[in-house]
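Overview (structure and organization)
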Amino acid sequence: MLHIGCHLSSSDGYAAMGEEALRIGADTFAFFTRNPRGGNAKPMDEEDAAVLREMLKRECFAPLVAHAPYTYNLCSDKERNREFAMESMTEDLARLEHLPGNYYNFHPGNHMKQGAEAGIAMVADALNELLWEDMHTTVLLETMAGKGTEVGRSFEELRAIIDRVRLSDKVGVCLDTCHVYDAGYDIAGRLDEVLGEFDRVLGIGRLKAIHINDTKNPFASHKDRHAQIGKGFLGIEALGAVVQHPLLRELPFILETPQPDNDGYAEEIRMLREIASGR
Ligand code: FE
Ligand code: FE
Ligand code: ZN
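Here is a short report on the structure shown in this document. (Residues numbered from 1 in each chain as written. Chains lettered and ligands numbered in written order. Predicted model: local features only at pLDDT ≥ 70, side-chain atom pairs only at ≥ 80, totals over all residues. Heavy atoms only, no water.)

Quick notes on the coordination of the iron ion (ligand 2)
Those donors, Glu142 (OE), Asp176 (OD), His211 (ND1) and Glu256 (OE), are the protein atoms that reach the iron ion (ligand 2), and they lie 2.1 to 2.3 Å from it. One can describe the site at the iron ion (ligand 2) as irregular: its four donor atoms subtend angles covering 82 to 171 degrees at the metal. Between consecutive donor residues of the iron ion (ligand 2), the sequence gaps follow E-x33-D-x34-H-x44-E. The distance between the iron ion (ligand 2) and the iron ion (ligand 1) is 3.1 Å, with Glu142 acting as a donor to both metals. Of the two residues, Asp176 is situated in strand E7 (residues 171–176) and His211 in strand E8 (residues 207–212); the sequence distance between them amounts to 35 residues. This pair shows no difference in class: Asp176 is buried, exactly as His211 is. (Donors = N, O, S within 2.8 Å, 3.2 Å for Na, K, Ca; no water. Tetrahedral: all angles 85-135°; square planar, octahedral: opposite > 155°, others 65-115°. Helix = DSSP H or I, 4+ residues; strand = E, 2+ residues; numbered from the N terminus. Buried < 20%, exposed > 50% of the residue type's maximum accessible area, 1.4 Å probe, protein only.)

So, helix H1 (residues 14–23)
For H1, the complete set of buried residues consists of Tyr14, Ala15, Met17, Gly18, Glu20 and Ala21. On its buried face, H1 sits against helix H2 (46–58), helix H3 (79–96) and helix H9 (262–276). (Contact = heavy atoms within 4.5 Å.)

Topic: unusual backbone geometry
When glycine is set aside, most residues are seen to have a negative phi, and most peptide bonds are trans. Non-glycine residue Met112 carries a positive phi angle of around 55 degrees. You can see Met112 is positioned in the loop between strand E4 (109–110) and helix H4 (116–130). Judged by its relative accessible area of 38%, Met112 falls in the partly exposed class. Positive phi values are uncommon outside glycine, yet His222 reaches one of about 55 degrees. Note on placement: His222 falls in the loop between strand E9 (214–215) and strand E10 (226–227).

Thoughts on the coordination of the zinc ion (ligand 3)
Angles between donor atoms at a metal ideally measure 109.5 degrees for a four-coordinate tetrahedral arrangement and either 90 or 180 degrees for a six-coordinate octahedral one. Protein-derived ligands of the zinc ion (ligand 3) are His179 (NE2), Asp224 (OD) and His226 (NE2), with the metal-ligand distances lying across 1.9 to 2.3 Å. Between the donor residues of the zinc ion (ligand 3), the gaps in sequence give the motif H-x44-D-x1-H. Between the zinc ion (ligand 3) and the iron ion (ligand 1) the interatomic distance comes to 5.3 Å. Taken individually, Asp224 and His226 each receive the classification buried, so the pair is uniform in this respect.

Looking at the pattern of salt bridges
Per the stated rule, a full pass over the model turns up twelve salt bridges. Of the charged contacts, one joins Glu91 and Arg34 as a salt bridge, the two residues approaching to 3.2 Å between their closest N and O atoms. Separated by 57 residues along the polypeptide, Glu91 in helix H3 and Arg34 in the loop between H1 and H2 bring together distant segments of the chain. Take Glu91: its relative accessible area is 40%, and that puts it in the partly exposed class. In this structure Arg34 comes out as buried when scored by relative accessible area, which is 7%. Residue Lys147 is joined to Glu150 by a salt bridge in which the shortest nitrogen-to-oxygen separation is 3.9 Å. Of the residues examined, Lys147 reaches a relative accessible area of 37% and is grouped as partly exposed. Put simply, Glu20, Arg23 and Asp263 are held in one network by salt bridges that share partners. (Salt bridge = Lys/Arg side-chain N within 4 Å of Asp/Glu carboxyl O.)

See below:
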């Protein structure tokens, strides 16, 4: 069975996200570890987390894919911003120990014209401080569209980060279909070749999750604007091939498409499940 869900609001707590996921036919989901505009995270409600843990087990959820706020930048040119990202990620990872066995996805960052190489080194140094031996979360680097000074625009850049991380078995990759297509990987025309390249550069075993989005912009546009499934330049056929691909189909798929409400996601989940089951 396809493992699929969408980004859910964490404003009503952990158990409420689990309930909402079940309501819309999801068996995984993403959530921001805190308010994406920064600010303090609510204190951890251990009882709430325990209820979700129980639910995830009972309902056979696939791993969840928590998302770090976009405002974190581990390779900023401003020390204050790097420190903010470090402090917040330290807290987020500590909190996720209450939901063991899941993923924590983050954008490597923006090097702010310091150069990709400098950015890569800063992200890797940060991970070397953030990760610890017996942590229960795998941290995922997201493939980026290459907008502005984004780090992670190519598989090679992600590889360069991972190569410098000591506890690299705690690090995986989340592939965003909108981002890679925008970055110039033709997953619509040459999915097998792109996955072959991923395997050569990163090793397919590093691939832990997929963000399944259509894109509002044509191939290699470096823009990063998500579209609803089937309503963008990727289209339903290409995205259907992604959820059916033998190297991908066991992974958790997360929708981050623009939707007025979660019923829009329910419909996309239903549609992609139907395609994946070959009906
Ligand atoms: Fe993301
Ligand atoms: Fe994404
Ligand atoms: Zn995006």
